Amino acid sequence: MQVLKFGGSSVANPENMNKVISIATAAAKKDTSLVVVSALGGITDMLLNCGNLAAGGQDDYRSLLQTIEQRHLEMVKALLPVASQSSTLSKVMQQCNRLEEICQGIFSLRECSPRTRDSLVSFGEILSSQILVATLNARGTNAVWKDSRELIVTDAAYGYAAVDFATTNDNIWHWCVSLKDTLVVLPGFIATEKNGSTTTLGRGGSDYTGAILAAAANAATLEIWTDVSGMMTADPRLVANARAIPHISYQEAMELSHFGAKVIYPPTIQPVMAKNIPVWVKNTFAPTDYGTLIENGAREKDSIIRGISSINHIAVLSLEGSGMVGIPGFSKRFFEALSSKRINVILITQSSSEHSICVAVEASAAEQAKRATDEAFAVEIQNGQVDALQVETGHSIIALVGDHMKNHTGTSGKMFSALGKNGVNIRAIAQGSSERNISSVIYAKDVKKAVNVLHEEFFEASYKQINLFLCGTGNVGEKLLAQLLQQQAYLQEHLQLQLRVVGIANSKKMAFNDEGIDLQNWQAALEQGAVMDMTAYTSAIIGRNLRNSVFADVTANSAIAEQYAGFLEHSIAVVACNKVACSSDYAYYKKLKELSREYGTSFLYETNVGAGLPVIGTLNDLLRSGDRIMRIEAVLSGTLNYVFNQYTGKESFASVVRRAQQEGYTEPDPRLDLGGTDVLRKIMILSRETGIAMEAGDVSNNVFMPPSCLQGTVGDFYAALEKEEPFFKTLYASAAAAGKKLRFVASFHDGKARVGLEQIGPEHDLYHLYGKDNVVLFYTNRYTEQPLVIKGAGAGADVTASGVFADIMRSF
């Protein structure tokens, strides 16, 4: 014998019902089959709504009843031949008439008791099962209908009745012994109390009906037919890459179903586990898919974690007070107060000091729990021994489940580390001694991110997803997007990284796509986006709450730099090409560094100094390894180096500067480069990285530019350069006559920094620089006479973009 249960989605419409008929017919040819069915999809909710409307004195319930009746009548007409319809149509109308009588009684009394409600909702399963039997017989498959209420006996706890297994098992066994038919259809979900009143087994109870029948009849298998191909590693509505679990133990299935896995009703497992009856979870709409086999014990080669589950709409209840410490009975009284109101406790944790007990319950029961608890501890609350029960809503529970977690070190650490790195705050933790489940209470807003983070950590060895928000689409931003497009396939294939750009903004527009913007058409996506508003852009990034989020700033905008702290506080990594933040007031620079450490979130700005050269990274490596910086000498402006390498007096100094700007080597305002401001910021950043609390005013700047060149607009600047051409020729001629080259040098020594134009001879490391080269010389305790030299292109959109790209890759 085998038992097959079909859920509401499987019998929701004629097309689906035909699939059920095919599966049931094929099963009956192999072995005696008991088929348990739920109500048509959505009908139970409609019936409950009818009761609520009637109890509220709203006669809208009548039109809803007509909708229910019409849906079942249409189902009959669609499934049965015309010649066979009349008797079934008559049965449907009789049941609907009875249903109307119940609702009329509720309407008259303005009350819908739990007993009446159970009677009301039972009609859904009765109607669907009778329609299925009639269709099977009309199509030549002999099938009989059996009322589950004649077999399953419960107590009088209407809505969630407890089964009297001694009586129920005896009823089922004797019925099965005399059973001659090979296909029997039974309504799920419903049972009867000893006095004959209809009861129900809880929402989702049709699974339970199947398990009760299977266990009592010693069936070979129980099959749960639903709309997914088995139990999944995570909720596919939350995790796009969730996959079916082929094999799972009874205990793991119970844990996952208890913590929110909707494929199977939690109490279902217990009866079949006691009889060691295998349970198959199969897909009505893809019957050839393997599905999930639930059996005794985990398979040795299976992964450590079997699945990730979550429960929403959770309230956290905290009972605290100094009067609880060392006093027996507080926990007992607390749980008795909750039990008296039939409030189910989902999770429990208690501090070792005994100062507090924390439990998680359904949010809908929170107010009732508070009233019951405060009443139970009224004396202690009045005396100040215990605080009034604290209730916090807006929470969810996530759970890792797996038999192989037992005695396997590092699983919880890996879980909490992954969540913490993504800014998911854990409010409470519980783990049983079986080590089969690690559960955590988190804020509800973080559930999707948390489940995806854990699924990526434990199941997706194939790749890790990074979600990038970019601000700035100028020279560097455009090159960065081109590099990202070029490397996307490589990153996923060779580094198992899926790097998606989910937000782009410039000074005019902003655009988002949570599935990733098409980098071949990002300009069009941006053009169709909303008007740029930095506050709105920041809020949208934080509000999306995506895992592994990175904000990359390739602007020179101070308003954008002011947003960094907010991103870090929400565990969004910041990659800054923009030098404003690190060269602003030391207090803000320090705050960002501290936030990065506090939230375990990357704040990277390698391109602030030397474009794509590994200057800041190397400096920090030296410091972390115990070296000490004694002196720094550097040429840090690719722009100035390019200008002085190109300028020979044959063409005007203004022309050379203009060409440098056209080729993308200068800041948008070239005076930041030529006036030494940009270099000053860079040496200050390097000084700060060594641990010196330096401000911009502390750096000596020997400005070589005539004052007239630093006034007015950029246009005025170029006009002034032309007028001052004799001055620049004199500078060049003086250096050339001495066999030297002009270099704008930055230096740091004894805690002080300075920048200025110098004549450098050929014996110096700063002499042999070409084009837009930068060079940095680190003199340290280990590199005393011969410095550590970093040299290469220090300007240009391509190399700067590649430096930003590298920081993005390092951010996770």
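1. A few points about the pairing of strand β22 (residues 549–553)
For step 1, the next point in the chain: In terms of residue burial, β22 counts as a mostly covered element, since five of its five residues are buried.
For step 2, the next point in the chain: Looking at chain direction, strand β18 (residues 464–471) and β22 are connected through five bridges and run parallel. Bridge pairing links Leu470 to Ala552 in β22.
For step 3, the next point in the chain: For β22 and strand β23 (residues 573–576), the ladder comprises four bridges, and the chain directions are parallel. Paired with Val550 across the two strands is Ala573, which belongs to β23.

2. Topic: the side chain of Ser549
For step 1, the next point in the chain: Mapped onto the elements, Ser549 comes out in strand β22.
For step 2, the next point in the chain: Overall, Ser549 belongs to the buried group, its relative accessible area being 3%.
For step 3, the next point in the chain: In terms of polar contacts, Ser549 uses its side chain to reach the backbone carbonyl oxygen of Leu546, at 2.7 Å.
For step 4, the next point in the chain: If sequence neighbours within four positions are ignored, Ser549 has contacts with Asn467, Phe469, Ile572, Ala573 and Phe812.

3. A short note on the packing of helix α3 (residues 61–79) against helix α5 (residues 114–138)
For step 1, the next point in the chain: For the pair α3 and α5, the least separation of the axes is 10 Å and the interaxial angle reads 15 degrees. Relative to α5, the element α3 lies roughly parallel. Crossing of α3 against α5: the hand is right-handed. Here α3 contributes His72, Met75, Val76 and Leu79 to the contact with α5, which in turn contributes Leu127, Ile131 and Thr135.
For step 2, the next point in the chain: Looking at the contact of α3 with α5 residue by residue, the class counts come to five nonpolar, two polar and no charged.

4. Here's the deal with the sheet that holds strand β3 (residues 144–145)
For step 1, the next point in the chain: The strand order across the open sheet built from eight strands is β3-β5-β2-β1-β8-β10-β11-β9, with neighbouring strands paired in mixed fashion. Among the strands making up the open sheet, the edge pair consists of β3 and β9 (247–249).
For step 2, the next point in the chain: The sheet contact formed by strand β10 (residues 279–283) and strand β11 (residues 292–295) spans three bridges and is antiparallel. When the sheet's bridge partners are listed, Val279 is paired in β11 with Ile294.

5. Topic: the pattern of salt bridges
For step 1, the next point in the chain: With the rule as written, the count across this model stands at 27 salt bridges.
For step 2, the next point in the chain: In this structure, the salt-bridge partner of Asp374 is Lys370, at a minimum N-O distance of 2.9 Å. Taken together, the residues span about one helical turn, with Asp374 and Lys370 both in helix α11 (residues 366–376) at a distance of four residues.
For step 3, the next point in the chain: In this structure, Asp678 and Lys579 form a salt bridge, with 3.2 Å as the shortest nitrogen-oxygen distance. In this pair, Asp678 sits in helix α26 (residues 677–689) while Lys579 sits in the loop between β23 and α20 (580–583), placing the two residues 99 residues apart along the sequence.

6. Observations concerning helix α1 (residues 14–30)
For step 1, the next point in the chain: Taking 1.5 Å of rise per residue, 17 residues should cover 24 Å, and α1 covers 25 Å from first to last C-alpha, within 8% of that figure.
For step 2, the next point in the chain: Within the span of α1, buried status applies to Asn16, Met17, Val20, Ile21, Ile23, Ala24, Thr25, Ala27 and Ala28.
For step 3, the next point in the chain: Looking at the buried positions of α1, the neighbouring elements they touch are β1 (2–6), β2 (33–37), α3, α5, β5 (183–187) and β8 (221–226).
For step 4, the next point in the chain: Measuring from the backbone nitrogen of Glu15 back to the side-chain oxygen at the start of α1 gives 3.2 Å, which picks out Asn13 as the cap.

Each value, and the rule that gives it
Residues numbered from 1 in each chain as written. Predicted model: local features only at pLDDT ≥ 70, side-chain atom pairs only at ≥ 80, totals over all residues. Heavy atoms only, no water. Buried < 20%, exposed > 50% of the residue type's maximum accessible area, 1.4 Å probe, protein only. Helix = DSSP H or I, 4+ residues; strand = E, 2+ residues; numbered from the N terminus. Pairing = 2+ DSSP bridges. Polar contact = N/O pair within 3.5 Å; in protein donor to acceptor, adjacent residues only side chain to side chain. Contact = heavy atoms within 4.5 Å. Axes fitted to C-alpha atoms, helices over the stretch in contact; angles between N-to-C directions. Parallel < 35°, antiparallel > 145°, perpendicular 65-115°, else oblique. Left-handed = near helix turned anticlockwise from the far one by under 90°. Nonpolar A, V, L, I, M, F, W, Y, C, P; charged D, E, K, R; others polar. Salt bridge = Lys/Arg side-chain N within 4 Å of Asp/Glu carboxyl O. Expected span 1.5 Å × (residues − 1).

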